[in-house]
Amino acid sequence: MAVPRLVNACFSAPRTEDSGRMHQLTLFSGGEFLSAVIQDIERARREVLVECYIVVDDAVGCALGDAMARAAARGLTARLLYDPLGSKKASTRFFCDLRARGVEVRAWRRILSIPGIRHLAPRDHSRTVVVDEVAYTGGAAFSREWLPKEKGGDGWRDACVRMEGPGVADLRDLFLRRWHESHDSRAAHDLDTEERYPDVRIIADTPDRHSPLFQAHRDAFTAARRRIWMANSYFAPPRRMLRALAEAAARNVDVRVILPAVSDLPLLKLAALARVWQWLRAGIRVFEYRPAMMHAKYAVIDEDLCSIGTFNYNSASVGLANEMNLLVRERGFVSRAAAMFEEDLACCGEVTARSMSRRSGWARALDRVASAGVTFVDLVWGPR
């Protein structure tokens, strides 16, 4: 069934007085992100704005809610925007209790409502947290999956970033836009700061087959000279992105991708296994992260670019969801992201033609069926 299309507008109000300023950027894993956000909320003096695809009423989600409620009790603005699909495990009572404690809570709009089918796309897959003069984004969310195993969680691996500097105002504007758009059936807005800042480009896009996030990544892969290192939980690159990666590998760029060994979305994992042969033939080295679910969405390109955020390299991210990434050009941060990738790589096993040949015929048949589903998404919602 076709999802109604929204024509995307793009907002990017110029702030010329900030155009030369640099940002302070801190790289976190998933568990570190949760702790840092709660600490910043406890110190907040003016406002706490949280947009997140997944908020669950477990220990992590309740810790977030309690911190936001305490902020509201101090007289601060506290707003929570969640997606009904990603947060489907949370009870209605959880959000009602937060409202009663002074937190403003909204669910991202439901585009379609058909008997028996709820919360259909487009969805709000973004993560944007703004606390006074700091902001966060990345792949982690407010659920126990991201809590370290020693604290009772599943220890999911992720990559997130804390930002201080002029771009925080852009993310605040973005949150307020999304907040007002959550109850509005009209077009949602993209954000692209383009070359405004010397060290960071902020891109937040809405479902559209002409995706600025997709194009920015494809352009970066096309320009790569030495390496393209990617960690991506639901890697299924559309045809044009795969071509850019294959062409990079053909000119001796070191192209690697880390996938989860075991995924929370088994069908996407099977689809990936069906396509591994194509990726290997294209010169892409494939690795599986073994300690826990690899949920990160980051890439390191050469020595001068890192992309980090919520964008999965697949057509569903392009055509079915709001996404947001920072494209960081600050070499120190890129170096730290490369070190994180090497740390993740040390916990991986490499997928090779030999290891793939050991899969049974029945397993390969299931892989092909799952891949056909992804191909359908590519055809209907993939980038043009």
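Everything numeric in this text was worked out from a predicted model, so none of it was measured.

There is about 280 Å³ of room inside the second largest pocket. Elements represented by at least two residues in the lining of the second largest pocket include exactly helix H6 (239–250), helix H7 (266–281) and helix H11 (361–381). Among the residues forming the lining of the second largest pocket, the class breakdown is 6 nonpolar, 4 polar and 5 charged.

Further remarks concern the packing of helix H5 (residues 212–223) against H6. Running from amino to carboxyl end, H5 crosses H6 at an angle of 15°, the nearest separation of the two axes being 8 Å. Regarding the angle of H5 to H6, the classification is roughly parallel. Relative to H6, H5 is oriented so that their crossing is left-handed. In contact with Phe214, Gln215, His217, Arg218, Phe221 and Thr222 of H5, H6 contributes Arg240, Met241, Arg243, Ala244, Leu245 and Ala248. Across the contact of H5 with H6, the residue classes tally to 6 nonpolar, 3 polar and 3 charged.

Relative to each other, H7 and H11 sit at 100°, their axes nearing to 7 Å. Relative to H11, the element H7 is oriented roughly perpendicular. Side by side, H7 and H11 meet where Leu267, Leu268, Leu270, Ala271, Leu273, Ala274 and Arg275 of the first sit next to Leu366, Asp367, Arg368, Ala370, Ser371, Val374, Thr375 and Asp378 of the second. Split by residue class, the contact of H7 with H11 holds 9 nonpolar, 2 polar and 4 charged.

A few words now on the pattern of salt bridges. Applying the stated criterion across every chain, the model contains 27 salt bridges. In this structure, Asp40 engages Arg162 in a salt bridge whose closest nitrogen and oxygen atoms are separated by 2.9 Å. With Asp40 in helix H1 (residues 30–43) and Arg162 in strand E9 (residues 160–164), the pair connects residues that are 122 residues apart, well separated along the chain. Among the residues examined, Asp40 registers a relative accessible area of 6% and is labelled buried. A single network of salt bridges, built from pairs that share partners, joins Arg45, Arg46, Glu47, Glu133 and Arg172.

On to the confidence of the model for the protein. Per-residue confidence for the protein gives a mean pLDDT of 91; residues scoring 70 or more make up 91%. Low confidence marks residues 1–8, where pLDDT is under 50. Its contacts with residues over four positions away, or in another chain, come to 27 contacts. This stretch, residues 113–119, has a pLDDT under 50; its non-local contacts, to residues over four places away or in other chains, come to 6 contacts.

On to the packing of aromatic side chains, then. Inspection of every chain in the model, using the stated rule, returns 14 aromatic pairs. Here Tyr298 and Phe341 contribute two aromatic rings whose centre-to-centre distance is 6.4 Å and whose plane-to-plane angle is 80°, an arrangement assigned as edge-to-face. Placement of the pair is Tyr298 in strand E15 (residues 297–301) and Phe341 in helix H9 (residues 331–345), with a sequence separation of 43 residues. Assigned by exposure class, Tyr298 and Phe341 land together as buried. In textbook terms, an aromatic cluster arises when at least three aromatic residues are bridged by ring pairs, as seen for Phe221, Phe235, Trp279, Phe311 and Tyr313. Over the face of the ring belonging to Trp229 we find Arg227, whose NZ or CZ atom lies 4.7 Å from the ring centre.

Rules of the game
- Residues numbered from 1 in each chain as written.
- Predicted model: local features only at pLDDT ≥ 70, side-chain atom pairs only at ≥ 80, totals over all residues.
- Heavy atoms only, no water.
- 1 Å grid on protein atoms, 1.4 Å probe; cavity = no way out; pocket = protein on both sides within 12 Å on 5 of 7 lines; lining within 4 Å.
- Points joined across faces, edges and corners; volume = space filled by probe spheres on them.
- Helix = DSSP H or I, 4+ residues; strand = E, 2+ residues; numbered from the N terminus.
- Nonpolar A, V, L, I, M, F, W, Y, C, P; charged D, E, K, R; others polar.
- Axes fitted to C-alpha atoms, helices over the stretch in contact; angles between N-to-C directions.
- Parallel < 35°, antiparallel > 145°, perpendicular 65-115°, else oblique.
- Left-handed = near helix turned anticlockwise from the far one by under 90°.
- Contact = heavy atoms within 4.5 Å.
- Salt bridge = Lys/Arg side-chain N within 4 Å of Asp/Glu carboxyl O.
- Buried < 20%, exposed > 50% of the residue type's maximum accessible area, 1.4 Å probe, protein only.
- pLDDT = per-residue confidence, 0-100.
- Phe/Tyr/Trp six-rings, centres within 6.5 Å; stacked < 30°, edge-to-face > 60°.
- Lys NZ or Arg CZ within 6 Å of the ring centre and 35° of its normal.

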